[in-house]
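Secondary and tertiary structure notes
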Number of protein chains: 2
Amino acid sequence: MDQTSTGKTDTVKLDDFLCFAIYSANHALNRVYKPLLDEIGLTYTQYIAMVTLWEQDDRTVGSLGEKLFLESSTLTPVLKRLEGLGLIARTRDKTDERQVRVQLTAAGRALQARAKTIPPCILEASGLEVEELARLKKEIAALRSSLLR
Amino acid sequence: MDQTSTGKTDTVKLDDFLCFAIYSANHALNRVYKPLLDEIGLTYTQYIAMVTLWEQDDRTVGSLGEKLFLESSTLTPVLKRLEGLGLIARTRDKTDERQVRVQLTAAGRALQARAKTIPPCILEASGLEVEELARLKKEIAALRSSLLR
DNA sequence: GCAGAACAATTTGTGCTCAATCAAATCGTG
DNA sequence: CACGATTTGATTGAGCACAAATTGTTCTGC
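Residues numbered from 1 in each chain as written. Chains lettered and ligands numbered in written order. Predicted model: local features only at pLDDT ≥ 70, side-chain atom pairs only at ≥ 80, totals over all residues. Heavy atoms only, no water.

Per an unreviewed UniProt entry, chain A carries the name MarR family transcriptional regulator and comes from Rhizobium herbae.

The following block contains the structure:
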């Protein structure tokens, strides 16, 4: 019973849609993250931006967007808020003034330690084993690649 | 290599996050849907609301929100736009005036036929077989259930 | 060297999402 | 019947997301 079947019924059900499963799982994840992120004063998008910078500091807006699959028009206000929170600094690149370089401040780096408790909470809420979660993550990432092709 | 491992590196990578896989796959799906939905003049959220009504007409705002995991504060403006497009009618329930009943118009029902071409396009873009897609959908729905527990 | 193309980030406008709050209708209990 | 509690949907404010248009910078061809 799937929306793509050529089958007998013409009543397509919402629960048959992969897109809805992902859409609603994303919302559910947001709901689990919300109280955890409130404690460190970040929204979800701000959090993944910080995770990306913790992984590699001193990026341009464009490279950050490429990593996060977000447009610069989305990132600009997000980064301005992170700057307002004192977690990052935004400076024009000296050699190419079109680019804005994003760098962690001391406070931004310090926040990483406080954020360390979050992933284990999510793992627990997922009700999955580490290996199973890793496999599911891999499959979904592969789906994303196909869709963006 | 996972953010939950107790392993050697303390550098947690964005690509290790299940939440990011789902978050970005959701955006990727949106990007595939966008041009298809443009043809029938709906946004993604408007589309899933219509799918829900095609599955079962004459719902209250609350029951629609329960199905879609959305708050009334999100649904009210979405439904008003669908009403403005002439696809649905919103009327107060005669026996309980607190509730608003949402019903398809003739135009709303007619749109279902035009929307039939969308799911096959998504299936193709996913690069997955029908069975594989159904299995993945099921796993993600199960994850959602765990998260909302 | 200079005009125009290409590029990077920002601004603007539309829509989605939630938390917090509100108003109206209904229910429950005395 | 009366009055407080609950239910239902709507409103407000903050933030995210994109497309399209804009500004400022760099590169290219002549």
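1. Thoughts on unusual backbone geometry
Residue and element names in this part refer to chain B. Not every positive phi belongs to a glycine, and D58 is a case in point at roughly 60°. For D58, the position within the fold is in the loop between helix 2 (44–55) and strand 1 (59–60). We classify D58 as partly exposed; its relative accessible area is 29%. Here F69, not a glycine, exhibits a phi torsion of approximately 60°, which is positive. Topologically, F69 is positioned in the loop between helix 3 (61–68) and helix 4 (72–84). You can call F69 partly exposed: its relative accessible area is 23%. (Helix = DSSP H or I, 4+ residues; strand = E, 2+ residues; numbered from the N terminus. Buried < 20%, exposed > 50% of the residue type's maximum accessible area, 1.4 Å probe, protein only.)

2. A word on the packing of helix 2 (residues 44–55) of chain A against helix 4 (residues 72–84) of chain A
Residue and element names in this part refer to chain A. Their axes nearest at 10 Å, the elements helix 2 and helix 4 cross at an angle of 80°. Taken as axis vectors, helix 2 and helix 4 run roughly perpendicular relative to one another. Touching T45, Q46, A49 and M50 of helix 2 are V78, R81 and L82, all from helix 4. Its residues placed into classes, the contact of helix 2 with helix 4 shows four nonpolar, two polar and one charged. (Axes fitted to C-alpha atoms, helices over the stretch in contact; angles between N-to-C directions. Parallel < 35°, antiparallel > 145°, perpendicular 65-115°, else oblique. Contact = heavy atoms within 4.5 Å. Nonpolar A, V, L, I, M, F, W, Y, C, P; charged D, E, K, R; others polar.)

3. A closer look at the packing of aromatic side chains
All told, the structure shown has twelve aromatic pairs over all chains when counted by the stated rule. Between F17 of chain A and Y47 of chain B the ring centres are 6.3 Å apart and the planes differ by 75°, which places this aromatic pair in the edge-to-face class. Placement of the pair is F17 of chain A in the segment before helix 1 (18–40) and Y47 of chain B in helix 2, with the two residues belonging to separate chains. Both residues of the pair, F17 of chain A and Y47 of chain B, belong to the buried class. By way of ring pairs, the aromatic residues F17, F20 and Y23 of chain A together with Y33, Y44, Y47 and F69 of chain B are connected into one cluster. (Phe/Tyr/Trp six-rings, centres within 6.5 Å; stacked < 30°, edge-to-face > 60°.)

4. So, the sheet that holds strand 3 (residues 100–104) of chain B
Residues and elements named next belong to chain B. What the three strands build is an open sheet, ordered 1-3-2; its pairing is antiparallel. This sheet does not close on itself; its edge strands, each paired only once, are strand 1 and strand 2 (88–92). As defined by bridge partners, strand 2 adjoins strand 3 across five bridges and the pair is classed as antiparallel. Bridge pairing in strand 3 links I88 to L104. (Pairing = 2+ DSSP bridges.)

5. Section: the relation of the copies chain B and chain A
With an axial shift of 0.0 Å and an RMSD of 0.1 Å, the rotation relating chain B to chain A amounts to 180°. When the rotation and shift are considered jointly, the pair of chain copies conforms to a two-fold rotation axis. Ranked by how close their C-alpha atoms come to the rotation axis, the residues of chain B are headed by I22 of chain B, at 3.2 Å. A shared binding surface is used by both copies, with 98% of the interface residues of chain B retained as interface residues in chain A. (Least-squares fit on C-alpha atoms with pLDDT ≥ 70 in both.)

6. A short note on the interface of chain B and chain A
On the side of chain A, 57 residues touch chain B, which itself brings 58 residues to the contact. Where chain B abuts chain A, roughly 5800 Å² becomes buried across the two surfaces, and 68% of that area is made up of carbon and sulfur atoms. Among the ionic pairs, E139 of chain A bridges to R135 of chain B, the shortest N-O distance being 3.2 Å. At the junction of chain B and chain A, the tally comes to 14 residue pairs in polar contact (both at pLDDT 80 or more). Contributing elements (two or more residues each) for the side of chain B that touches chain A: helix 1 (18–40), helix 2, helix 3, helix 6 (118–126) and helix 7 (130–148) of chain B. For the side of chain B that touches chain A, the element with the highest residue contribution is helix 1 of chain B, accounting for 15 residues. (Buried area = accessible area lost by both parts, 1.4 Å probe. Salt bridge = Lys/Arg side-chain N within 4 Å of Asp/Glu carboxyl O. Polar contact = N/O pair within 3.5 Å; in protein donor to acceptor, adjacent residues only side chain to side chain.)

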